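Notes for the structure review
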Amino acid sequence: MNKYRSHNCDELDKKDTGKIVSLAGWVNKKRDHGNLLFIDLRDNYGITQCIINKENSNFSQLEKIQLETVIKINGKVLSRSSETINYEIKTGEIEVSIESFEILGTCKELPMPVFSDQEYSEEIRLKYRFLDLRRKKIHENIILRSNVISFIRSEMYKLGFLEFQTPILTSSSPEGARDFLVPSRLNPGKFYALPQAPQQFKQLIMVSGFDKYFQIAPCFRDEDARADRSPGEFYQLDLEMSFVEQEDVFKIVEKLLISTFEKFSKKKLITKKFPKISYSDALLSYGTDKPDLRNPLVIKDITDIFLRDDVSFEIFKKLVKSGSEVRCIVTKDTKDKPRSFFDNIDKWAKEQGSSGMAYFTLEKEKDISAKGPVGKFFSKEALNEIIKKTKAEVGDSIFLACNKRKELERITSLAREKIAKELDLIDQNIFAFCWIVDYPMFEKDEDTKKIRFSHNPFSMPQGEPDKINFEKPLDMLAYQYDIVCNGIELSSGAIRNHIPSLMYKLFSIAGYDKKQVDDQFRGMINALNYGAPPHGGIAPGIDRIVMLLANEKNIREVTMFPMNQNAQDLMMNAPSKISEEQLKELNLSLKFKK
RNA sequence: GGGGGUGUAGCUCAGUUGGUUAGAGCGAUCGCCUGUCACGCGAUAGGUCGAGGGUUCGAGUCCCUUCACUCCCGCCA
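Structural notes, computed from the coordinates. On a predicted model such as this, the values are computed, not experimentally measured, just so you know.

**A short note on the packing of aromatic side chains**
Think of a pair of aromatic rings as described by two things: how far the centres are apart, and how the planes are tilted against each other in angle. With the rule as written, the count across this model stands at 32 aromatic pairs. An aromatic cluster is defined as three or more aromatic residues linked by ring pairs; in this entry it consists of Phe250, Phe261, Phe274, Phe431, Phe433, Trp435 and Tyr481. Of note, lysine 263 hangs over the ring of phenylalanine 264, and the distance from its end group to the ring centre comes to 5.7 Å. Over the ring of phenylalanine 341 we find lysine 337, and its NZ or CZ is 5.7 Å from the ring centre.

**Overview of the environment of proline 275**
Along the chain, proline 275 turns up in the loop between strand E11 (268-269) and strand E12 (276-278). We classify proline 275 as partly exposed; its relative accessible area is 32%. Measuring from C-alpha to C-alpha, the distance between proline 275 and isoleucine 436 comes to 8.5 Å, with 161 residues separating the pair along the chain.

**Some words on the packing of helix H9 (residues 339-351) against helix H11 (residues 405-422)**
Contact geometry for H9 and H11: axes closest at 11 Å, N-to-C directions at 145°. Crossing of H9 over H11 shows right-handed handedness. Taking contact as the criterion, the partners of Phe341, Ile345, Trp348 and Ala349 in H9 are, on H11, Ile411, Leu414, Ala415, Lys418, Ile419 and Glu422. In terms of residue class, the contact of H9 with H11 is built from eight nonpolar, no polar and two charged.

**Some points on the layout of surface pockets**
Gaps left between atoms are located by rolling a probe of water-molecule size over the structure's atoms. Of the voids in this model, the second largest pocket is the one considered here, and its volume is about 1300 Å³. In terms of lining residues, the second largest pocket is bounded by 43 residues, among which Arg134, Arg135, Lys136, Lys137 and Glu140 are the most central. Counting residues per element, the ones that place at least two in the lining of the second largest pocket are strand E1 (20-32), strand E2 (36-42), strand E3 (47-53) and helix H4 (136-158). Sort the elements by how many residues they give to the lining of the second largest pocket and H4 lands first, with eight residues. Per-class residue counts for the lining of the second largest pocket are 14 nonpolar, 10 polar and 19 charged.

**Brief notes about H4**
One full turn of an α-helix is made of 3.6 residues, so residues set three or four places apart face in the same direction. End to end, H4 covers 33 Å across 23 residues, agreeing with the expected 33 Å (1.5 Å per residue, within 8%). Those residues of H4 not exposed but buried are Ile138, Asn141, Ile142, Leu144, Arg145, Val148, Ile149, Phe151, Ile152, Glu155 and Met156. Residues of H4 that are buried make contact with helix H2 (122-127), helix H3 (129-132), strand E9 (212-221), strand E10 (232-242), helix H6 (246-264) and helix H15 (542-549). Two residues or fewer past H4, glycine 160 is found with a positive phi of approximately 90°.

**Notes on the nonpolar core**
Within the largest apolar cluster, 69 residues are counted, with the highest numbers of intra-cluster contacts made by Leu237, Phe261, Phe433, Trp435 and Leu490. Once residues within four sequence positions are removed from consideration, phenylalanine 433 is found in contact with Leu257, Phe261, Leu269, Phe274, Pro275, Leu293, Ile483, Val484, Cys485 and Leu490. In terms of nonpolar packing, the next biggest core, distinct from the first, is built from 25 residues, Phe316, Phe360, Ala370 and Ala392 among them.

**What about the sheet that holds E10?**
The eight strands lie next to each other as E6-E9-E10-E24-E23-E22-E19-E12, forming an open sheet whose pairing is mixed. Each having just a single partner strand, strand E6 (162-163) and E12 make up the two edges of the open sheet. Across two bridges, E6 lies against E9 in parallel orientation. Across the sheet, residue leucine 162 finds its bridge partner in E9, namely tyrosine 213. Across the sheet, helix H7 (residues 279-286) touches E12 and strand E19 (433-437), and the angle it forms with E12 is around 85°.

**Some remarks on the sheet that holds strand E5 (residues 94-105)**
Read once around its circumference, the closed barrel built from five strands follows the order E1-E2-E3-E5-E4, with strand pairing classed as mixed. Along the sheet, successive strands turn relative to each other by an average axial angle of 55°, direction set aside. In terms of strand pairing, E1 meets strand E4 (residues 70-79) through seven bridges, oriented antiparallel. Bridging across to E4, leucine 23 finds its partner in isoleucine 73.

**Examining the environment of arginine 496**
Of note, arginine 496 is situated in the loop between strand E23 (488-495) and helix H12 (500-509). Linking arginine 496 and proline 461, residues 35 residues apart in sequence, is a C-alpha distance of 8.7 Å. Setting aside anything within four residues of it in sequence, one finds arginine 496 in contact with Gln199, Lys202, Gln203, Glu240, Asn456, Phe458, Ser459, Met460, His535, Gly536, Gly537 and Ile538.

**Observations regarding the protein's contact with RNA strand B**
Around RNA strand B, 50 residues are found, and the nearest of them are Lys29, Asp32, Asn35, His455 and Asn566. Interatomic distance of 2.8 Å between a side-chain N/O atom of glutamine 49 and a base nitrogen of RNA strand B. Arginine 556 places a side-chain nitrogen or oxygen 2.7 Å from a phosphate oxygen of RNA strand B. When residues of the surface near RNA strand B are traced back to their parent elements, those giving at least two are E1, E2, E3 and H2.

**A look at the pattern of salt bridges**
Taken as a whole and assessed by the stated rule, the structure comprises 46 salt bridges. Ionic pairing is found between arginine 129 and aspartate 132, a salt bridge with its closest N-O pair at 2.7 Å. Of this pair, arginine 129 and aspartate 132 both sit in helix H3, separated by three residues, roughly a single helical turn. Note on accessibility: arginine 129 and aspartate 132 belong to one class, buried.

Calculation notes
- Residues numbered from 1 in each chain as written.
- Chains lettered and ligands numbered in written order.
- Predicted model: local features only at pLDDT ≥ 70, side-chain atom pairs only at ≥ 80, totals over all residues.
- Heavy atoms only, no water.
- Phe/Tyr/Trp six-rings, centres within 6.5 Å; stacked < 30°, edge-to-face > 60°.
- Lys NZ or Arg CZ within 6 Å of the ring centre and 35° of its normal.
- Helix = DSSP H or I, 4+ residues; strand = E, 2+ residues; numbered from the N terminus.
- Buried < 20%, exposed > 50% of the residue type's maximum accessible area, 1.4 Å probe, protein only.
- Axes fitted to C-alpha atoms, helices over the stretch in contact; angles between N-to-C directions.
- Left-handed = near helix turned anticlockwise from the far one by under 90°.
- Contact = heavy atoms within 4.5 Å.
- Nonpolar A, V, L, I, M, F, W, Y, C, P; charged D, E, K, R; others polar.
- 1 Å grid on protein atoms, 1.4 Å probe; cavity = no way out; pocket = protein on both sides within 12 Å on 5 of 7 lines; lining within 4 Å.
- Points joined across faces, edges and corners; volume = space filled by probe spheres on them.
- Expected span 1.5 Å × (residues − 1).
- Core = buried A, V, L, I, M, F, W, Y, C linked by side-chain atoms within 4.5 Å.
- Pairing = 2+ DSSP bridges.
- Near = heavy atom within 4 Å.
- Polar contact = N/O pair within 3.5 Å; in protein donor to acceptor, adjacent residues only side chain to side chain.
- Salt bridge = Lys/Arg side-chain N within 4 Å of Asp/Glu carboxyl O.

Right, here's the structure in full:
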């Protein structure tokens, strides 16, 4: 017999009537009627109403008890009369008549209520996270997270993957995010880095012949936070497979994600087979490489229209001549929308730092015409050409933006979201997955004008290794892919480059000589020289998956002990100063930036 | 590093054009109440209006500086 309880707070029902039981939990709520006191006792499992009246000698003590005090009660299960049954809770048909009780943990006046649906500032929630985590919604989110991870783990084993741990203290690498660094006491002046991902290790596991690996892996990146990005650490389902091509990875991941999302959410998956969109198509049609495919709006390029003589939209024509492009978004049947709808979009676009969005609506009496502030600039032939390019119809409106490619992508991508929101075009009850494929191997750094890896330097370039054209590195595509769901990037992965000579060649394009590669990627490059299998993998973000399943917009709602935006843990007071002794032992001295 | 939002009681918020002693709900304390489940009723305590400076006869309110939290851009192979 357990010392503290005979049952959990969700266990008792009518069948238990008359039993002498003991329950332990938190005082969720009191309702004091003077001579009769109701106490809702809560534990992880549920709530049970407990009752005591004035005749009992414990009454006055319980009447004064603070909410959230942890108590054990002993008493008898009574069935409730029909009019007092509470159908909201599982134990609503019974209550426990308290005979005696014991305080197991006292509670001071609360800095924030636990039993309340109100929203609280992040600051107070994070400082008192242990109280926050008692609250229903987030408590359930964290349990969901546990169940999702457990499910994924068992699915991975079923799919033939083995789970391995990889080092947390490893070496800093020059590519990618900023590292978290840890000074080495035994090696003065040298530092470990926390892994940004177990990238090199998982490839080494393949070279070691383990065939299929996975890990629910902590990843550490010292970069600024976002709503969907924790500062510091996050978790990935890191996986890697030998002797595979891109399609083999896709098959496994689709299977896993579909079963996970179907099990843990009521929302429908829009397609069972994830559509594949090339990186360049994504940027053209959605302005981003993480498109929300729930949104039916598509961006079209109509730059050519502004080279025509029968178009007199001089501002855009001038910009086009100097290298800008024009892209547009067509909204279906918006002819009757008030002027304010259109002007608000234009105003909003200006607030986003763009030059705004021009618009017109297609009309037809005898001939096609365009209504709106810029409608007069287009001849009917030009309008017909636009209709051909955009598949727009009479009654539709067209929003236009003109700018240099990168800025144009940014604003049209935002506009696509904004307009869809205004028109309520996004179905909140679906998951829309897609693969983004054919990422470029290299890109040009805008500031330095140097060529650098656009994603993972270990990715395999597309095409036969001996036929690759290294003269035009910016045209090279990689077997590199992302999964996107509802506009959130869930993971990225690649088929890896397991051929050392090809690796050196690619690194040389990005400005690394052989010695640098040998020094900075020693573990990896050395291993590839001793019989490496072709391999590839991916790493879906666990936090983001749970976020989608829990229908939360912020990653901290599915993270037990998150840091705030400035990467501080307000509860544990991290990061914190360290003693002179500690610094000395590590051969460190502090010198602050001005 | 840059831009937006927020900051008033323990918590969530209101506070008009600058004008008397800064309010409400929840929580706390005290009292009343035997069927509630957001129990009800009454009373009391609780404020450096984020901080500093300025304008003004007078600042929670206007201006400047600064701090904290948050959202976004940069960044995140």
